[in-house]
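# Inside the fold
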Amino acid sequence: MNCSVSGEVPEEPVVSKKSGLLFEKRLIERHISDYGKCPITGEPLTMDDIVPIKTGKIVKPRPVQAASIPGMLGMFQIEWDGLMLSNFALEQQLHTARQELSHALYQFLLEGRSYINPYLIANNCFVNEPSIIVACSGFCWVARIGGFHDAACRVIARLKKERDEARSLLAQSERQMPMSMSTVTAVNASALSNGKRAAEDEELGPNGKKLRPGISSSIITELTDCNAALSQQRKKRQIPPSLAPIDAVERYTQLSSYPLHKTSKPGILSADIYYSKDIVATGGVDTNAVIFDRQSGQILSTLSGHSKKVTSVKFVTQDDLVLTASADKTVRVWQGSDSENYNCRHILKDHTAEVQAVTVHATNNYFVSASLDNTWCFYDLSSGLCLTQVADASETEGYTSAAFHPDGLILGTGTSEALVKIWDVKSQANVARFDGHVGAVTAISFSENGYFLATAAHDGVKLWDLRKLRNFRTFTPYDSNTATNSVEFDHSGSYLAVAGSDIRVYQVANVKSEWNCIKTFPDLSGTGKATCVKFGPDAKYLAVGSMDRNLRIFGLPGDDGPVESS
């Protein structure tokens, strides 16, 4: 009998209780320790399921050729000839591959394109010399490909010269545009005075589209410096000792429930938490956003002004600002005051369809809105000015979710047609796209480790490795009739929460290890539809919104916080 893995007669045979298959002991032990399942059937398998078999000592017969020295020399000669032939074939393949790679890279540069790996952008991995850059599994290699290197350098130099000339012409044309900087200043001053910036007050270009000043080189420098600083901090990042341990999360239960929105139009669609103040913002179907103090259990302010449901809400941890997006096609910027009231500072009307998401850049100076009109807008937060509006001409579907990478040079967007798109913020180029979902992508969350991305859609949750640009795990927690509405990493990157017909918390692992579900909370709203979930500071609690009007807090009994409200 032979081993089911190697096909050889095993020296230490063992058999699986579940499948009855025979294995070599050292091989199956190694496979179980790496993958935890049967290599043949794929069923979960542990060492307790393996039974050793006692057999007599097996003496393998000696081949006839090994019975004499001339025979053994003949065997060695045959092996050597085979090795030389194999080595020659490998050298031929390597030579061919080098030629193909050289030709492809040369053509790539001649066409004036550049390769961008999102993970390399996020970690500032660029080589600043006239060489050809090849990206492989998230690492940067510099290749000088024979005689093509000099030609490639000349092409790069020509492209840089053309780029500089184009930038100079663009700057000159901007100075000659009808919408001068004085006009922009006047528009911003008007916006600050009356709390709104109407679309009809903006200048239009010859094609009927609004003129945008673009993301300037100084802003790009600010974004790049922020990226470099945060990437450096991430390398030294450690899990905080105050983080809630797994055994504590397993004992979480509902602590309180607060009726924040109107009974006539129930439903909480979005939530966000201001960690340093421990206050929660919710956006509802009733067209209002609510600012809520968790410690006191009191509503601090109700933000009224939208004419349709509030689809997304985000805190800006600088200057006490709140952003709200709505199905009424607008984004509002709210300014907090000493009296804890929030006043509308800007009304942004750059989209022509429902605005589904807003996300704040790590600098706290800029933010992005994403809309069903198939565009996303990059805004200056202080002025409320739309610096650029990006549309993907190759697609017609709208955007249903958006999130910045923690380092700020990557933007992730989800579409109504199940696509996930990754953008380079500096160039506004679509550098990667992930497919495989079913239905609209309802939520996007980047892990604090910088290279995990979680996306949610009707078919469940997919986890993506940004270093290799591939999907490495899929969760299908609900049946085919139940959508997954929200997915969220905690700030440490140790836990992942999923919301749909219930709320589930997973322990974050690596690419190869299993991500175990450590806690499941039932949806106590009675609607069967939890719409948003957010981790509190250090994952000490979870805030959950559902299609009733209540915000629910899950945590350990006895933690700080008021008694349950009715």
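Parameters and conventions
Residues numbered from 1 in each chain as written. Predicted model: local features only at pLDDT ≥ 70, side-chain atom pairs only at ≥ 80, totals over all residues. Heavy atoms only, no water. Pairing = 2+ DSSP bridges. Helix = DSSP H or I, 4+ residues; strand = E, 2+ residues; numbered from the N terminus. Axes fitted to C-alpha atoms, helices over the stretch in contact; angles between N-to-C directions. Expected span 1.5 Å × (residues − 1). Buried < 20%, exposed > 50% of the residue type's maximum accessible area, 1.4 Å probe, protein only. Arc of directions from axis to C-beta. Polar contact = N/O pair within 3.5 Å; in protein donor to acceptor, adjacent residues only side chain to side chain. Contact = heavy atoms within 4.5 Å. Patch = residues over 30% accessible without salt bridge, like charges linked within 9 Å, V, L, I, M, F, W, Y side chains within 5 Å. Areas by Shrake-Rupley, 256 points an atom, 1.4 Å probe, with all protein chains shown as cover. Salt bridge = Lys/Arg side-chain N within 4 Å of Asp/Glu carboxyl O.

As summarised here, the arrangement of the 4 strands in space is 7-8-9-10, forming an open sheet in which the pairing is antiparallel. Since the sheet does not close on itself, it has two edges, and those belong to strand 7 (268-274) and strand 10 (298-303), each with one partner. Strand-to-strand twist across the sheet, computed as the mean angle between neighbouring axes with direction ignored, equals 20°. Two elements, strand 7 and strand 8 (residues 279-284), share 6 bridges in a ladder whose sense is antiparallel. Opposite Ala 271, over in strand 8, you have Thr 282 as the bridge partner.

For helix 6 (residues 217-235), built from 19 residues, the straight-helix expectation of 27 Å at 1.5 Å per residue is met to within 8% by its first-to-last C-alpha distance of 27 Å. Along helix 6, the positions that sit buried rather than exposed are Ile 219, Leu 223, Thr 224, Cys 226, Asn 227, Ser 231 and Arg 234. One face of helix 6 carries all of its buried residues, which in axial projection span an arc of 160°. In helix 6, those exposed residues whose orientation departs by more than 90 degrees from the buried face are Ser 217 and Gln 233.

The next subject is the side chain of Arg 504. Within the element layout of this structure, Arg 504 appears in strand 29 (residues 502-507). A distance of 3.1 Å separates a polar atom in the side chain of Arg 504 from the backbone oxygen of Pro 477. Of the polar contacts made by the side chain of Arg 504, one reaches the side chain of Asp 502; its length is 3.1 Å. Beyond its immediate sequence surroundings of up to four residues, Arg 504 is in contact with Pro 477, Tyr 478, Leu 496, Ala 497, Val 498, Cys 517, Lys 519 and Thr 520.

Right, let's get into the sheet that holds strand 11 (residues 310-316). Sheets are built from strands paired through backbone hydrogen bonds, the pairs being either parallel or antiparallel. With antiparallel pairing, the 4 strands of this open sheet are ordered in space as 11-12-13-14. In the strand order of this sheet, the two ends are held by strand 11 and strand 14 (342-348), each with one partner. For this sheet, the mean inter-axis angle between neighbouring strands, taken without regard to orientation, is 20°. As defined by bridge partners, strand 12 (residues 321-326) adjoins strand 13 (residues 331-336) across 5 bridges and the pair is classed as antiparallel. By the bridge assignment, Ala 325 is partnered in strand 13 with Val 331.

A contiguous nonpolar surface patch, about 510 Å² in accessible area, is contributed by Ile 69, Met 72, Leu 73, Met 75 and Phe 76. Examined against the element boundaries, Leu 73 turns out to sit in helix 2 (residues 69-110). Relative accessible area serves as the criterion here: at 54%, Leu 73 is assigned to the exposed category.

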